[in-house]
Amino acid sequence: MEQSIKEILDLYLNQEMNQMILSKPKQKDFKENQFAEKIKIRPILLKKEIKYQVERYYKNQVFHKNHTKEELLFELEDWIGNRFLQAELFSPSIKVIILISKKGKITINCKKNKEENKIQEKQLTHNRTKTYLIPEGSKIPFLKDLGIITEQGKVVTTKYDKYRQINRFLEIIEDVLPVFSNKKKLRIIDFGCGRSYLTFIMYYYLTEQKGFEVEITGLDLKEEVIQMCNELKIRYGYEGLNFLCGDIASYKGTDLIDMVVTLHACDTATDAALKKALDWKAHVILSVPCCQHELNQQIQNDMLHPILKYGLIKERMSALITDALRANLLELEGYKVQLLEFIDFEHTPKNILIRAIKQSVLPNKKLKQTHTKQLEQCLQELKVSPSLYRLIQQQHRNEGKDEVNL
């Protein structure tokens, strides 16, 4: 890198930086080396030490790694110019844009932030301290009744993880709202709603802050939980909320659903919820799977035996493979799928969220056949047959379709 770029990075890579974005990858590098389409960098505080969390975006995957400043500067020497043609650095005081032409010409543009004096001092924590969609101090009755905040709106110390989870969930909801830009009314199913922290906040956010007319049905097997949730929704006057006691697989209450939410439905209950979403052709699916035991009992592979012979490793690999296979199956059914980090891993190991958005254009037939063949080969090599795969196959058999063409 040119000395001027080094100087700028050394000066502004600090805890005041909001984030840095590397974009416009060199196509040859991206296609041949499968490096990344985009990189986001932000400072975090780990054990009282400033680190930089790097998020690498490649197709539908996001990879995370933490670096010291020295490590990051070393990586940036390779990334800027060699791999990416644009870098943007944002801080409360300045915005820096670095552009590299195809011929290697470097242009650096530094703009002072006119709103500098209006920006509050940024706090720095590992949990991404920022302006939350539901900021602390918000006096929302149901959050108080659910024990997350006090009468004054202060987050209960032992509930901070749940508070962050709520706000992270709303960020994910916010990201999919453009899908519903032409709709005034949303119909949503929340399978396995439990005590419904997220169901209530989703209703509140969509109605009170976003102005949608919303009908949300929460479904759970625990009668006492459903009774409590129905009592609360009456107390708050949330007429569009309804809680029912029932099983995901047998639920037949509606055929018109815009979004399916299933958070921590255990084991194959997630597959049943995803299949329901496919049957309804839901525009959006948000799923955080839980307790993926099914493949752990099935998976066999001679080459992987030295790895799978360790029970803990086998369990974790089976869970990751389960979610990856679910994502592939949803893609073959016409969804754009991303696997996202729902909440920091240190708070819960069940931190993968499957976000699927229905595409208006079906997958290319030839490409779909290729992906189907790859998936079938993967299933055969691992000797697994996931529930979602079997459910889709059964439907295709009933419809008289070729089994292989998922």
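Right above here is the structure, for reference.
Residues numbered from 1 in each chain as written. Predicted model: local features only at pLDDT ≥ 70, side-chain atom pairs only at ≥ 80, totals over all residues. Heavy atoms only, no water.

*Asks:* Can you help me understand the pattern of salt bridges in this one?
*Replies:* Counted by the stated rule, this structure contains 16 salt bridges. Between E294 and R390 there is a salt bridge whose closest N-O contact spans 3.1 Å. Of the two residues, E294 sits in helix α9 (residues 294–298) while R390 sits in helix α13 (residues 387–398), which places them 96 residues apart along the sequence. (Salt bridge = Lys/Arg side-chain N within 4 Å of Asp/Glu carboxyl O. Helix = DSSP H or I, 4+ residues; strand = E, 2+ residues; numbered from the N terminus.)

*Asks:* Help me understand the nonpolar core in this model?
*Replies:* Grouped burial of nonpolar side chains is what soluble globular proteins tend to show. Core analysis: the largest hydrophobic core is formed by 50 residues, its most contacted members being F142, I201 and M259. Residues within four places of F142 in sequence aside, it is in contact with Y197, F200, I201, Y204, Y236 and Y238. Core analysis: the next-biggest nonpolar cluster, separate from the first, contains 37 residues, A273, L304, L325 and I392 among them. (Core = buried A, V, L, I, M, F, W, Y, C linked by side-chain atoms within 4.5 Å. Buried < 20%, exposed > 50% of the residue type's maximum accessible area, 1.4 Å probe, protein only. Contact = heavy atoms within 4.5 Å.)

*Asks:* Sorry if this is basic, but what is going on with the packing of aromatic side chains here?
*Replies:* For any pair of aromatic rings, the description rests on two quantities: the centre-to-centre distance and the angle between the ring planes. Tallied over the full model, the rule gives 14 aromatic pairs. Aromatic pair Y132 and Y163: ring centres 5.2 Å apart, planes at 70°, arrangement edge-to-face. You can see Y132 sitting in the loop between β7 (106–112) and α4 (141–145) and its partner Y163 sitting in helix α5 (residues 160–176), a full 31 residues away along the chain. Accessibility classification places Y132 together with Y163 in one group, the buried group. In textbook terms, an aromatic cluster arises when at least three aromatic residues are bridged by ring pairs, as seen for F142, F200, Y203, Y204, Y236, Y238 and F243. Residue placement shows K162 over the ring face of Y197; its charged tip is 4.5 Å from the ring centre. (Phe/Tyr/Trp six-rings, centres within 6.5 Å; stacked < 30°, edge-to-face > 60°. Lys NZ or Arg CZ within 6 Å of the ring centre and 35° of its normal.)

*Asks:* What exactly am I supposed to notice about helix α6 (residues 197–209) here?
*Replies:* Since the α-helix turns once every 3.6 residues, residues separated by three or four places project in the same direction. Over its 13 residues, α6 extends 17 Å from the first C-alpha to the last, a length consistent with the 18 Å expected when each residue adds 1.5 Å. The buried fraction of α6 is high, at 11 of 13 residues. Turning to α6, its buried residues number three or more, namely Y197, L198, T199, F200, I201, M202, Y203, Y204, Y205, L206 and T207. Where α6 ends, the next residue or the one after it, G211, has phi of about 75°, a positive value. (Expected span 1.5 Å × (residues − 1).)

*Asks:* Looking at this structure, I do not really get the packing of α5 against α6. What am I missing?
*Replies:* The description of two helices packed together rests on the angle between their axes and the distance between the axes. Contact pair α5 / α6: the axes reach a minimum separation of 10 Å and the direction vectors enclose 50°. The angle between α5 and α6 falls in the class oblique. Read as a crossing pair, α5 and α6 show a hand that is right-handed. Residues K162, Q165, I166, F169, L170, I173 and E174 of α5 pack against Y197, L198, I201, M202, Y205 and L206 of α6. By residue class, the composition of the contact of α5 with α6 is 10 nonpolar, 1 polar and 2 charged. (Axes fitted to C-alpha atoms, helices over the stretch in contact; angles between N-to-C directions. Parallel < 35°, antiparallel > 145°, perpendicular 65-115°, else oblique. Left-handed = near helix turned anticlockwise from the far one by under 90°. Nonpolar A, V, L, I, M, F, W, Y, C, P; charged D, E, K, R; others polar.)

*Asks:* For this particular structure, what's the right way to read the sheet that holds strand β14 (residues 352–358)?
*Replies:* One key point about sheets: their strands pair by backbone hydrogen bonds, in either a parallel or an antiparallel sense. If you trace the 7 strands from one edge of the open sheet to the other, you get β10-β9-β8-β11-β12-β14-β13, paired in mixed fashion. Looking at the sheet topology across the chains shown, the edges are occupied by β10 (241–245) and β13 (335–341). For this sheet the average axis-to-axis angle between neighbouring strands, irrespective of direction, equals 15°. Of the strand pairs in this sheet, strand β8 (residues 185–191) and strand β9 (residues 213–220) are connected by 7 bridges, and their pairing is parallel. For I189, the partnering residue across the bridge sits in β9 and is T217. This element, helix α7 (residues 223–236), spans β9 and β10 of the sheet and lies at about 165° to β10. Its contacts with the sheet put helix α8 (residues 269–280) on β8, β11 (259–266), β12 (284–290) and β13, and the angle it makes with β11 is roughly 170°. (Pairing = 2+ DSSP bridges.)

*Asks:* Please explain a nonpolar patch on the surface as it appears in this structure.
*Replies:* A grouping of I307, Y310 and I313 is seen on the molecular surface, where their side chains present a nonpolar patch of about 270 Å² in accessible area. The residue I307 is located in helix α10 (residues 305–308) in this model. A relative accessible area of 38% means that I307 is categorised as partly exposed. (Patch = residues over 30% accessible without salt bridge, like charges linked within 9 Å, V, L, I, M, F, W, Y side chains within 5 Å. Areas by Shrake-Rupley, 256 points an atom, 1.4 Å probe, with all protein chains shown as cover.)

*Asks:* Hey, could you run me through the sheet that holds strand β2 (residues 38–46) in this one?
*Replies:* Spatially, 7 strands are ordered β4-β3-β2-β1-β5-β6-β7 in an open sheet, and the strand pairing comes out antiparallel. Across the chains shown, the open sheet's two edge strands, defined by having one partner strand only, are β4 (61–67) and β7. Sheet twist, expressed as the mean angle between neighbouring strand axes with direction ignored, is 15°. Looking at chain direction, strand β1 (residues 19–25) and β2 are connected through 3 bridges and run antiparallel. Across the sheet, the residue bridging to I21 is K40, located in β2.

*Asks:* Where do I start with helix α3 (residues 69–83) in this structure?
*Replies:* Taking 1.5 Å per residue as the helical rise, α3 with its 15 residues ought to reach 21 Å, and the 20 Å between its terminal C-alpha atoms agrees with that figure. The axis of α3 is deflected most strongly, by about 30°, at L76. Among the residues of α3, L72, L76, W79, I80, G81 and R83 are the ones counted as buried. (Bend = angle between axes of the 7 residues up to and from the residue.)

*Asks:* Would you mind showing me how to read unusual backbone geometry here?
*Replies:* Backbone geometry follows two general trends: most residues other than glycine have a negative phi, and most peptide bonds adopt the trans configuration. One non-glycine residue, D267, lies in positive phi territory at about 50°. Relative to the helices and strands, D267 is located in the loop between β11 and α8. Residue C291 is not a glycine yet carries a positive backbone phi of 50°. You can see C291 is positioned in the loop between β12 and α9. Residue C291 is classed as partly exposed on the basis of its relative accessible area, which comes to 23%.

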